[in-house]
2 protein chains.
Amino acid sequence: MHGIIHRKFNLGFQLFAVLFALCLPWQVISAPLLPSWQDSPVKKRLIKFIIDTTKPNSPKFVEIKNRIAVFDNDGTLWVEKPVYFQMIYTYDALIKKLNENPKLATTMPYKVLIKQGLKGFSHLNKEQLLQVYSTINANMSVMTFKNRVKAWSLIHKHPKLHCKYSELTYLPMIELIKLLKSYGYTIYIVTGGGTEFVRVFSFKLYGIDDNYVIGSELKTNVIDNRGKLSFWRTNKIDYINDKTEKTLNIQRIIGKRPIIAVGNSDGDLSMLTYTSQNKINLPILIWHTDDKREYAYDKFSKVGHLDKALQSAKKNRWLIVNIKKDWKIVFKNRTCQHINK
Amino acid sequence: MHGIIHRKFNLGFQLFAVLFALCLPWQVISAPLLPSWQDSPVKKRLIKFIIDTTKPNSPKFVEIKNRIAVFDNDGTLWVEKPVYFQMIYTYDALIKKLNENPKLATTMPYKVLIKQGLKGFSHLNKEQLLQVYSTINANMSVMTFKNRVKAWSLIHKHPKLHCKYSELTYLPMIELIKLLKSYGYTIYIVTGGGTEFVRVFSFKLYGIDDNYVIGSELKTNVIDNRGKLSFWRTNKIDYINDKTEKTLNIQRIIGKRPIIAVGNSDGDLSMLTYTSQNKINLPILIWHTDDKREYAYDKFSKVGHLDKALQSAKKNRWLIVNIKKDWKIVFKNRTCQHINK
């Protein structure tokens, strides 16, 4: 009898303890936090901020509904070189389209891309870029577009790092997102990429669901096909979610100032600045410094141009993540690497 | 010793049981569900749907991330008569403005409103409506606008129901929102009202936070005042979140089809139809039938016009909530009522 009560008591208490621990993530947890990050001052400051903002009675405590963190995507959560993945998708889909319609290859602006490959994009003017973009990304239903992107991602590989695009997410960032979530943070992706393009990947790769993805938008129509409603992507741009437009959309869609913002280029400067003006805040800048494991670029790069945001980060003591110094591991799949290096 | 163990065991077990119950809301809970609803077939169908979609192994089970419910606001969560509250706010703020600037009272379109009160709105054309609207709701910072709306809501009372606007939310709907949340549903307000106007109330009244409010939008600018960023409401309409625009914004911002949609007018027909085309779905139509406790109106009303949506609801067996028959209580504060009735 004694023994039975004891066992039952232990079982109840253990289960209770487990549930209690789940409710209080700031308790000592045995697994190391952010294992792919070097044990540098950057990691320490990051973890300290998370604990400070979530521990009751901390002077920096932020109530759970205001724990908003916004992440840029290209160059922050996954690779953006040699060009943004949505441009590579556009190129690959264009090549496929040319097989069906070879005439396109002889007309501008497609001609340049056929001849020069991805580099050809840098020779197109804005109008031509939009023409190519809308030929591939628009004038179809949202569902068709997403299915095509998904199919592409299952087959195509990155031209330099030789693995699938979905494998080119930064493991340290995925760990950071998971950690923030476990501490009650709500995470948004605020990206210059197309909303529907990024949604194909966001939940699978980062655990960030469709309703937490804020991206660039084409004007879209509701199509009524005998009462059945669906969405049609026109070839008109609604807005490009970059620079101040990111900040605007944070207000429009989230409606409150984030506590944490993470970006890697001047396109993120506005939302980093906006976040830095919160009472409690941590703007984070990812600095691409590692040409062995990934890419090294900043102010001389057109894609992911980083100049003013780095100056501002240094001046205002934002958290600068130097990939070479601060990340122990870049990609989970270690076969993702430059060959001949 | 025996007694101590027993007490401890009981304590541990009780706490465990409480936590267990919190984690499994589909277990039998002793408090009655939706107490302000009559025990009608409508309430039964509502509760059955919630249980069916959340109980594991149910054929209608929906995983937690897809449990999206969208609610219209005016006429669905709070009163919309004699006109939408944002119009009453506009009128009250206009009267206040006239005290400071009496000249306005002699010019159109303000003249009509001074003479006829709220009824005057129905005599304005679209251009005039926008002129009044933007004089009061635009050309100021988002923060100024929200502060003004908040101050108004603390003072002003409804002209017919004689209590504050924040008291004119439907208690049965607040119970429904709470119940859905406890079953893991994510709730969005999808309203024709202005996003920032509704955000002043949404968390306090419904527990729905800013980032779950989707409304109409003015073109807004980011203002940079010596490096300090804020938002400026211009007097240009970005979009009116009504009819198909509601469905579009559900796709744009939420990115997936809701399971539940609740509305009360033809302006909600598109999102109700869109929701009804989900594999598992419950479109809900609130039908204002109670002129004693609230208002009775449908196809002959300009505000909250309900005709096609009611036909569609009947034809397709959507859940029709007849306020007179299905709600035991309408407002929490029972002093909110028509006097002389």
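Residues numbered from 1 in each chain as written. Chains lettered and ligands numbered in written order. Predicted model: local features only at pLDDT ≥ 70, side-chain atom pairs only at ≥ 80, totals over all residues. Heavy atoms only, no water.

*Asks:* I'd like a description of the overall build of chain A, backed by residues and values.
*Replies:* Along its length, chain A carries twelve helices and eight strands. Counting only C-alpha atoms, chain A reaches 85 × 55 × 40 Å along its principal axes. Taken over 341 residues, chain A has a buried fraction of 56%. For chain A, long-range pairs separated by at least 24 residues make up 67% of all intrachain contacts whose partners lie at least 6 apart in sequence. Carbon and sulfur atoms form 56% of the exposed surface of chain A, whose accessible area is close to 16500 Å². Of the side chains in chain A, 53 bear a positive and 27 a negative charge, and the two mean positions are spaced by 3 Å. (Helix = DSSP H or I, 4+ residues; strand = E, 2+ residues; numbered from the N terminus. Buried < 20%, exposed > 50% of the residue type's maximum accessible area, 1.4 Å probe, protein only. Contact = heavy atoms within 4.5 Å. Areas by Shrake-Rupley, 256 points an atom, 1.4 Å probe, with all protein chains shown as cover. Lys, Arg positive; Asp, Glu negative; His and termini not counted. Charge placed at Lys NZ, Arg CZ, Asp CG, Glu CD.)

*Asks:* Would you mind going over the environment of A:Lys204 in detail, with residue names and values included?
*Replies:* Mapped onto the fold, A:Lys204 is located in helix H8 (residues 195-206). For the pair A:Lys204 and A:Val42, spaced 162 residues apart in the sequence, the C-alpha separation amounts to 27 Å.

*Asks:* Help me get a handle on the side chain of A:His338, residues and values and all.
*Replies:* Residue and element names in this part refer to chain A. Mapping His-338 onto the fold places it in the segment after helix H12 (323-326). A distance of 2.6 Å separates a polar side-chain atom of His-338 from the backbone oxygen of Glu-294. Sequence-distant contacts of His-338, that is, excluding residues within four places in its chain, are made with Lys-160, Leu-161, Asp-291, Lys-292, Glu-294 and Tyr-295. (Polar contact = N/O pair within 3.5 Å; in protein donor to acceptor, adjacent residues only side chain to side chain.)

*Asks:* Quick rundown of unusual backbone geometry? Include the residues and the values.
*Replies:* Of all residues except glycine, most have a negative phi; of all peptide bonds, most are trans. Of note, the amide linkage connecting A:Lys81 to A:Pro82 takes the cis form, showing an omega dihedral of 0 degrees. Examined against the element boundaries, A:Pro82 turns out to sit in the loop between strand S1 (68-71) and helix H3 (85-100). The phi dihedral of A:Lys243 falls on the positive side, at around 55 degrees, and the residue is not glycine. One can find A:Lys243 in the loop between strand S5 (228-239) and helix H9 (244-254). The backbone of B:His162 sits at a positive phi, close to 55 degrees, despite the residue not being glycine. Its location among the elements puts B:His162 in the loop between helix H6 (142-155) and helix H7 (171-182).

*Asks:* Help me get a handle on helix H10 (residues 269-276) of chain B, residues and values and all.
*Replies:* Counting buried positions along H10(B) gives seven out of eight residues, so the element sits mostly inside the fold. For H10(B), the set of buried residues is B:Leu269, B:Ser270, B:Met271, B:Leu272, B:Thr273, B:Tyr274 and B:Thr275.

*Asks:* Describe the sheet that holds strand S3 (residues 186-194) of chain A, and please don't skip the residues or the numbers.
*Replies:* Residue and element names in this part refer to chain A. If you trace the eight strands from one edge of the open sheet to the other, you get S2-S5-S4-S3-S1-S6-S7-S8, paired in mixed fashion. The two strands at the open ends of the sheet, each matched to only one other strand, are strand S2 (140-141) and strand S8 (319-322). Here strand S7 (residues 282-287) runs beside S8; their pairing, made up of four bridges, is parallel. Each bridged residue has a counterpart across the sheet, and for Ile-286 the counterpart in S8 is Val-321. Sheet strands in contact with H9 are S1, S3, strand S4 (213-225) and S5, and its direction is about 135 degrees off that of S3. (Pairing = 2+ DSSP bridges. Axes fitted to C-alpha atoms, helices over the stretch in contact; angles between N-to-C directions.)

*Asks:* Can you lay out H6(B) for me, pointing to particular residues and giving the numbers?
*Replies:* Residue and element names in this part refer to chain B. Here H6 contains 14 residues, and its C-alpha end-to-end distance of 21 Å stays within 8% of the 20 Å for a straight helix at 1.5 Å per residue. Three or more residues of H6 are buried, namely Val-142, Phe-145, Lys-146, Val-149, Trp-152 and Ser-153. Down the axis of H6, the buried set is contained in an arc of 125 degrees. They therefore lie on one face. Projecting away from the buried face of H6 at angles above 90 degrees are the exposed residues Met-143, Lys-150, Leu-154 and Ile-155. (Expected span 1.5 Å × (residues − 1). Arc of directions from axis to C-beta.)

*Asks:* Describe the pairing of S5(A), with residues and values.
*Replies:* Residues and elements named next belong to chain A. Across two bridges, the pairing between S2 and S5 is antiparallel. Residue pairing in the sheet places Met-140 in a bridge with Arg-233 of S5. Direction of pairing for S4 relative to S5: antiparallel, over a ladder of eight bridges. Bridged to Asn-221 within S5 is Trp-232. The turn joining S4 and S5, which pair antiparallel and follow one another in sequence, is formed by two residues; a positive phi near 50 degrees is taken by Arg-226.

*Asks:* Lay out the packing of helix H9 (residues 244-254) of chain B against H10(B) in plain terms, naming residues and giving numbers.
*Replies:* Residue and element names in this part refer to chain B. Contact pair H9 / H10: the axes reach a minimum separation of 6 Å and the direction vectors enclose 50 degrees. Considering the angle they form, H9 stands oblique to H10. Contacts between H9 and H10 involve Thr-244, Lys-246, Thr-247, Ile-250 and Gln-251 from the former and Ser-270, Met-271 and Tyr-274 from the latter. Of the residues assigned to the contact of H9 with H10, the class counts are three nonpolar, four polar and one charged. (Parallel < 35°, antiparallel > 145°, perpendicular 65-115°, else oblique. Nonpolar A, V, L, I, M, F, W, Y, C, P; charged D, E, K, R; others polar.)

*Asks:* With reference to specific residues and values, describe the packing of aromatic side chains.
*Replies:* Centre distance and the angle of the planes are the two values used to describe a pair of aromatic rings. Under the definition given, this model contains 28 aromatic pairs over all chains. Aromatic side chains A:Tyr170 and A:Trp327 sit 5.3 Å apart centroid to centroid with 45 degrees between the ring planes, which places their arrangement in the tilted category. Residue A:Tyr170 is found in the loop between helix H6 (142-155) and helix H7 (171-182), and its partner A:Trp327 is found in the segment after H12; the two are separated by 157 residues along the sequence. Like A:Trp327, A:Tyr170 is buried. A ring pair is formed by B:Trp152 and B:Tyr165, whose centres lie 4.6 Å apart and whose planes are at 20 degrees; its orientation type is stacked. Remark: B:Tyr165 occurs in the loop between H6 and H7 and B:Trp152 occurs in helix H6; sequence separation between them is 13 residues. In this structure B:Trp152 comes out as buried when scored by relative accessible area, which is 5%. Its relative accessible area of 0% is what places B:Tyr165 among the buried residues. Aromatic ring contacts, followed pair by pair, group A:Trp78, A:Phe85, A:Tyr89, A:Phe145, A:Trp152, A:Tyr165, A:Phe197 and A:Phe201 into a single cluster. Above the face of the B:Phe203 ring, A:Lys65 is positioned so that its terminal group lies 4.1 Å from the ring centre. In this structure, A:Arg233 packs its charged tip against the face of A:Phe145, placed 3.8 Å from the ring centre. (Phe/Tyr/Trp six-rings, centres within 6.5 Å; stacked < 30°, edge-to-face > 60°. Lys NZ or Arg CZ within 6 Å of the ring centre and 35° of its normal.)

*Asks:* Tell me about the confidence of the model for chain A, residues and numbers included.
*Replies:* All names here are of chain A. Taken as a whole, chain A shows an average pLDDT of 91; of its residues, 91% reach a score of 70 or greater. Across residues 1-13 the pLDDT falls below 50, and counting only partners more than four positions away or on other chains, this stretch makes twelve contacts in the model. Predicted as a complex, the structure gets a pTM of 0.91 and an ipTM equal to 0.90. (pLDDT = per-residue confidence, 0-100.)

*Asks:* Could you give an account of the environment of A:Phe49, naming the residues involved and the relevant values?
*Replies:* Residue and element names in this part refer to chain A. Structurally, Phe-49 can be placed in helix H2 (residues 41-54). With relative accessibility at 5%, the residue Phe-49 sits in the buried group. Along the backbone, Phe-49 and Ile-208 are 159 residues apart, and their C-alpha atoms lie at a distance of 22 Å. Non-local contacts of Phe-49, meaning those with residues more than four positions away in its chain, are made with Tyr-185, Ile-259, Ile-260, Ile-280, Asn-281 and Leu-282.

*Asks:* Tell me about the packing of H3(A) against helix H5 (residues 126-137) of chain A, and name the residues and values.
*Replies:* Residue and element names in this part refer to chain A. Remark: H3 packs on H5, axes separated minimally by 9 Å, with the N-to-C direction vectors making an angle of 70 degrees. One element, H3, and the other, H5, form an angle in the roughly perpendicular class. Along the contact surface, H3 presents Gln-86, Met-87, Tyr-89, Thr-90, Ala-93, Leu-94 and Lys-97, while H5 presents Leu-129, Val-132, Tyr-133, Thr-135, Ile-136 and Asn-137. Here the contact of H3 with H5 is composed, by residue class, of eight nonpolar, four polar and one charged.

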